[in-house]
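Architecture and fold: a report
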Amino acid sequence: MKAFTKKIVLENGREFYGYGFGADREAINEIVFNTSMVGYQEIMSDPSYTDQMVVMTYPLIGNYGMADEDYETKTPTIGGMIVREYNDSPSNFRYTKTLNEVFEEHDIPAIWGVDTRALTRIIRDEGTQKVLITDVATPRDEALRKLGEYVMPRDMVSRVSCKKRWMSRVPNHKYDVVAVDCGIKYNIIRLLNRVGCNVTVMPYNSTVEEIMAFHPDGLVLSNGPGNPEDVTPVIELVKQLRGRLPIFGICMGHQLISLAYGARTFKMKFGHRGANHPVKNLVTGKLEITSQNHSYAVDVDSLAGTGLTLTHVNLLDGTAEGVECAADRVFSMQYHPESASGPQDSAYLFKKFTKIMEEHKNA
Ligand SMILES: NC(=O)CC[C@H](N)C(=O)O
């Protein structure tokens, strides 16, 4: 057996040895786990994973390579990836690069050969924590000192949001939508295009005047990394625009709508990350299998008196998965109706958005 080259050290002192791939550098991130059986490309390019080191519980990663059409952003900011077995010889005819090459290109460190089951149990039992990926020779004491001193950054949305507005348009469009970019996943834009929307993607700190200058039929608030309480420009935006035009929030966008209406958010022990989370639609009684990626959640009890009603609930732990203020034509989901990756049970929500934009136009 060849000698280990890298290791990861957790805040609790546990070490796991393995082999480095991607960028050959040290990094400190927050460790989280994802239970999706496919979708490592969408995960590695989802901006909501900024500064997070993702443990993939599925044991084989890399085997279908990376395809140009499947990125969720052009410039991945994921902290890193921890996998059981990495396969560097993809067999998919669509692949253009290997995962290792893309990690190298974007200076993202990764490690394979790790007992990801044991690691995931630690995160599940003790919660998310800081992790150091480093050379196998780094003394444990030095690693723990670095972890202790490191303060996780809080300005992540400003890092991943676009700096200039950009557009994604379709022929014979029916609706003009402004998407506020907190770290938007491309599949949100693709699915809006598919239901007839021209999308103008705008920086997260755009003003009401800048947004209204495009005469949008509706506003989308995107997913994004970090604590929603830090994203005050978008919370302010919702306070000013609620009732003036339809608003559809996704993940971070859902948390920001809830905060703007006066509800509270809290950080969960280890979050929800995977492509198989059961959610109940309380309006129809139907169950959806959903794609998820979040650490924070809206406190269900704090919704009372805000004007928002709970529309969707997580069947694993009862947390809030969707809220709505029908009078304002505002609704939002904690999970990812755009999937990428994951089941497409929730794509109906994009049609719901066009329906309320239609009602707003005719009102
Ligand atoms: N995907 C997201 O938008 C995540 C939202 C937020 N960063 C959270 O972790 O809860």
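Sequence order sets the numbering: in each chain, residues are counted from 1 along the sequence as written. Restriction of local features to residues with pLDDT of at least 70 applies here, the model being predicted, together with a cutoff of 80 or more for giving and counting side-chain atom pairs; totals for whole chains, interfaces and linings are based on all residues.

Some thoughts on the site of the ligand
Using a C-beta atom placed from the backbone, a residue is scored as near a molecule or strand whenever that atom is within 6 Å of it. The environment of the ligand is made up of Ser-48, Asn-223, Gly-224, Pro-225, Gly-226, Cys-251, Met-252, Asn-293, His-294, Ser-295 and Tyr-296. Ranked by residue count, the leading element in the shell around the ligand is strand β16 (residues 287-298), at four residues. Comment: elements are numbered from the N terminus, with helices defined as DSSP H or I runs of at least four residues and strands as E runs of at least two.

Looking at unusual backbone geometry
For the bond running from Ala-340 to Ser-341, omega is 0°, close enough to zero to count as cis. Looking at where Ser-341 falls in the secondary structure, it is placed in the loop between β19 (330-333) and α10 (348-362). With a phi close to 55°, Arg-329 is a non-glycine residue in the positive phi region. A residue is called partly exposed when the number of other C-beta atoms within 10 Å of its own lies between 12 and 20, exposed at 12 or fewer, and buried at 20 or more, with C-beta atoms placed from the backbone. You can call Arg-329 buried: it has 22 C-beta atoms within 10 Å. A positive phi angle, close to 55°, is found at Ala-340, a residue other than glycine. Looking at the secondary structure, you find Ala-340 in the loop between β19 and α10. You can call Ala-340 buried: it has 23 C-beta atoms within 10 Å.

With respect to the sheet that holds strand β1 (residues 6-10)
Within a sheet, neighbouring strands are paired by backbone hydrogen bonds and run either parallel or antiparallel to one another. DSSP calls a pair of strands paired once it identifies at least 2 bridges connecting them. Around the barrel, seven strands lie side by side as β1-β2-β8-β6-β4-β3-β9; this closed barrel has mixed pairing. Between one strand axis and the next, the sheet turns through 35° on average, direction left out of account. Sheet analysis places β1 next to strand β9 (residues 129-135), joined by five bridges and oriented antiparallel. Of the residues in β9, the one forming a bridge with Val-9 is Leu-132. Contact between two residues is assigned when their C-beta atoms, built from the backbone, lie within 7 Å. Helix axes are fitted only over the stretch in contact, all axes being lines through C-alpha atoms; the angle between N-to-C directions runs from 0 to 180 degrees. Seen against the sheet, helix α3 (residues 116-126) touches β1, β2 (15-22), β3 (27-34), β4 (52-56), β6 (80-83) and β9 and runs at an angle of roughly 125° to β4. Relative to the sheet, helix α4 (residues 140-149) contacts β1, β2, β3 and β9, its axis offset from that of β9 by approximately 135°.

A few points about the UniProt feature "binding site: L-glutamine" (unreviewed entry) in the protein chain
UniProt positions are given in the numbering used here, feature names are shortened, and annotations may be inferred rather than shown by experiment. Following the UniProt record, one finds the feature "binding site: L-glutamine" (unreviewed entry) at Ser-48, Gly-224, Gly-226, Met-252, Gln-255, Asn-293 and Tyr-296. A maximum C-alpha distance of 13.3 Å places the annotated residues, which cover 249 residues in sequence, within one compact spot. Structurally, Ser-48 is set in the loop between α1 (40-44) and β4. For Ser-48, the contacting residues outside a window of four places in its chain are Gly-183, Asn-223, Gly-224, Pro-225, Cys-251 and Asn-293. Apart from residues lying up to four places away in sequence, Gly-224 is in contact with Pro-47, Ser-48, Val-157, Val-160, Cys-182, Gly-183 and Met-252.

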